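Summary of the model geometry
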Amino acid sequence: MQQIIIFLIKNKTGLVFIILMTIALGLTFKSHTYHNSKLVSSANFISGTVLSSSENIHQYFDLKAQNEILQEENENLRRKLLNIPSAKDSLPIKLKFIEDSLYKITRSRVISNHYDKIDNFLLIEGGSKDSISEDLGVISSQGIVGIIQDVSPKYSRVISILNTNTSINAKLKKTYHFGTLTWDGKYPNILSLIDVPRSAPVRLGDTITTGGRSLVFPENVPIGIISNFQLDENIGYYFIDVKLFNDMTNLKHIYIIENSRKTEALELLNPDSR
Amino acid sequence: MKTYFINSIRFVLLILIQVLILDEFNVFGYINPIIYQLLIILLPFNINSVQKLFLAFVLGISMDIFEDSGGIHAAATLTIAYLRPLFLRNAFGLSYDYQTLKFYDAPFRERFSYVSLMVLVHHTVLFSLEIFSVDHLLFFVKKTIYSSIFSILLIMITLNLIRKNSK
């Protein structure tokens, strides 16, 4: 017994190193799977406050560019609104529609955005106090951004589409050929769409949108256009490079989408969890 | 007591500089200068080794929390903290063994090799854990080498700036 204690005291540096290193490596390995460790997350009070106060200063520098993006979005929405023939008359019906709508939309702001790593995350304003919960979709005015993964009272962490662990259901806009959208970690504006069957009519410049097969994103949210593709003759699937509409390096105003019938759908899918 | 005080201030300052200023740099899209390991580089040479390891772990984990990176900064910082005596002996030779070493009295070449060793090992561990895939080997090598050059440069400049203030 005494020998063991003497041994421990003698090698305390090495032992402490091994213990701490095991913890660090454990956290690292966990972070390389989709269900990341919630222990190490920027969605907490201290880092949230520091990053959001820095963001409060930063936002002044690109007000002009961000205003332009918002105005462009308004232009698009106005065009759609004015081209609906009886927009004025249908207002009462519309209000009723909002009460019962399938998707709830909340606006939010990006506090910190990383895009230079292999597995990127964003920190956004709003948390469980604003009735934001995990697994909600996040989009910007131009396309998809990511999925909420961790929530604190005031902040939420979003797993970006620029993360090698994300895979999002996507389809060709024209047809209903589905594929999986992933990122290979190289360029922040190119994603790859895999598992599209060879029967799909793939052409350069075609639009890719979300597929609507998941409960996270609604159908037909724009993602990007096909910039390059090749057919793997052996497997019979396309590898498609998708150029994003979204500039992931310049994100500010974003929207959180909540499918209000998600719980109901999930209950049907997993009857045991009821 | 004084060392604790100085090092806690350095701890907070370095993390804030790293998170608020240097993380905004993205030279050529993927090069990030990293200088928070300056805290480990500048620790007193006779510090208790267990304390040093815990300090390194807390420093790394704080960076991980800000960057949402799991435990990669903690692992990298722990590695250089553990290997520091080895690098010190390698760079400064006998004056470290006899405990007569004063960091700023050492010739530039020795200081430079010590800092370079620390930064290179730190970045190698950090980026290999971050990228974590053999498919991106070339990307890893490029990122490590270029980021190391920037970090070493920044750290050497910072070291000279600190010295002028304290004299």
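Residues numbered from 1 in each chain as written. Chains lettered and ligands numbered in written order. Predicted model: local features only at pLDDT ≥ 70, side-chain atom pairs only at ≥ 80, totals over all residues.

Describing the overall build of chain A
Helices and strands together make up the secondary structure of chain A, namely six helices and twelve strands. Dimensions of chain A, computed from C-alpha atoms along their principal axes, come out at roughly 90 × 50 × 50 Å. Considering chain A as a whole, with its 274 residues, one finds that 32% of them fall into the buried category. In chain A, the share of contacts with a sequence separation of at least 24, taken over all contacts with a separation of at least 6, comes to 58%. (Helix = DSSP H or I, 4+ residues; strand = E, 2+ residues; numbered from the N terminus. Buried ≥ 20, exposed ≤ 12 C-beta atoms within 10 Å, placed from the backbone. Contact = placed C-beta atoms within 7 Å.)

A look at the overall build of chain B
On a plain count of helices and strands, chain B comes out with seven helices and zero strands. Put simply, chain B runs from its N terminus to its C terminus through helices and strands in the order α-α-α-α-α-α-α. In terms of overall dimensions, chain B is globule-like: its C-alpha atoms have a radius of gyration of 16 Å, near the 15 Å expected for 167 residues. Projecting the C-alpha coordinates of chain B onto the three principal axes gives extents of approximately 45 × 30 × 30 Å. Counting every position in chain B, which comprises 167 residues, the buried fraction comes to 38%. A sequence separation of at least 24 residues applies to 61% of the contacts in chain B between residues at least 6 apart. (Rg over C-alpha atoms; globule rule 2.2 N^0.38 Å.)

A closer look at the confidence of the model for chain B
Averaged over all residues, the pLDDT of chain B equals 87, while 98% of them reach at least 70. Scored as a complex, the prediction yields pTM 0.84 and ipTM 0.87. (pLDDT = per-residue confidence, 0-100.)

Some words on the sheet that holds strand S5 (residues 155-163) of chain A
Residues and elements named next belong to chain A. Spatial strand order, S1-S2-S5-S4-S3-S12: six strands in a closed barrel with antiparallel pairing. Pairs of neighbouring strands in the sheet enclose a mean axial angle of 45 degrees, with direction left out of account. Note: strand S4 (residues 144-151) against S5, five bridges, orientation antiparallel. In the sheet register, Asp150 faces S5, and the bridge partner there is Arg157. (Pairing = 2+ DSSP bridges. Axes fitted to C-alpha atoms, helices over the stretch in contact; angles between N-to-C directions.)

Quick look at the pairing of strand S3 (residues 137-140) of chain A
Residues and elements named next belong to chain A. Of the two faces of S3, the one carrying Gly137 and Ile139 and the one carrying Val138 and Ser140 are both buried. Bridge count between S3 and S4: three bridges; the pairing is antiparallel. The residue of S4 that forms the bridge with Val138 is Gly146. Where S3 lies against strand S12 (residues 253-259), four bridges are found, and the strand directions are antiparallel. Across the sheet, residue Ser140 finds its bridge partner in S12, namely Ile254.

Re the environment of Phe92(B)
Its place among the elements puts Phe92(B) in helix H4 (residues 72-92). Sequence separation between Phe92(B) and Asn26(B) is 66 residues, and the spatial gap between their C-alpha atoms is 34 Å.

Looking at the interface of chain A and chain B
Taken together, the contact pairs 30 residues of chain A with 30 residues of chain B. Contributing elements (two or more residues each) for the side of chain A that touches chain B: helix H2 (12-31) and helix H3 (45-58) of chain A. For the side of chain A that touches chain B, the element with the highest residue contribution is H2(A), accounting for 14 residues. Residue composition of the side of chain A that touches chain B, by class: twelve nonpolar, 13 polar and five charged. (Nonpolar A, V, L, I, M, F, W, Y, C, P; charged D, E, K, R; others polar.)

Some details on the domain arrangement of chain A
All names here are of chain A. Each assigned domain of chain A is listed with its residue range as follows: domain 1 (45-163 + 250-273) and domain 2 (168-244). The centre of domain 1, based on its C-alpha atoms, is set 22 Å off from the matching centre of domain 2. Taken together, the contact pairs 16 residues of domain 1 with 15 residues of domain 2. Among the elements of the structure, S3, S4, S5, S12 and helix H6 (262-269) are those that each provide at least two residues to the side of domain 1 that touches domain 2. Among the residues forming the side of domain 1 that touches domain 2, the class breakdown is ten nonpolar, four polar and two charged. (Domains from an automatic or database assignment.)

Some points on the environment of Val138(A)
Mapped onto the fold, Val138(A) is located in strand S3. A C-alpha to C-alpha distance of 6.8 Å links Val138(A) and Ile254(A), two positions 116 residues apart in sequence.

Here we look at helix H4 (residues 63-82) of chain A
With 20 residues, H4(A) should reach 28 Å at 1.5 Å per residue; the first-to-last C-alpha distance of 28 Å fits that figure. Among the 20 residues of H4(A), zero are classified as buried, and the element is accordingly described as predominantly exposed. (Expected span 1.5 Å × (residues − 1).)

Digging into the sheet that holds strand S8 (residues 190-197) of chain A
Residues and elements named next belong to chain A. Here six strands make up a closed barrel; going around it, the order is S6-S7-S8-S11-S10-S9 and the pairing antiparallel. Within the sheet, the average angular offset between the axes of one strand and its neighbour, ignoring direction, is 40 degrees. As judged from the three bridges shared by strand S6 (residues 168-172) and strand S9 (residues 207-210), these two strands associate in the antiparallel manner. Within the sheet, the bridge partner assigned to Leu172 lies in S9 and is Ile208.

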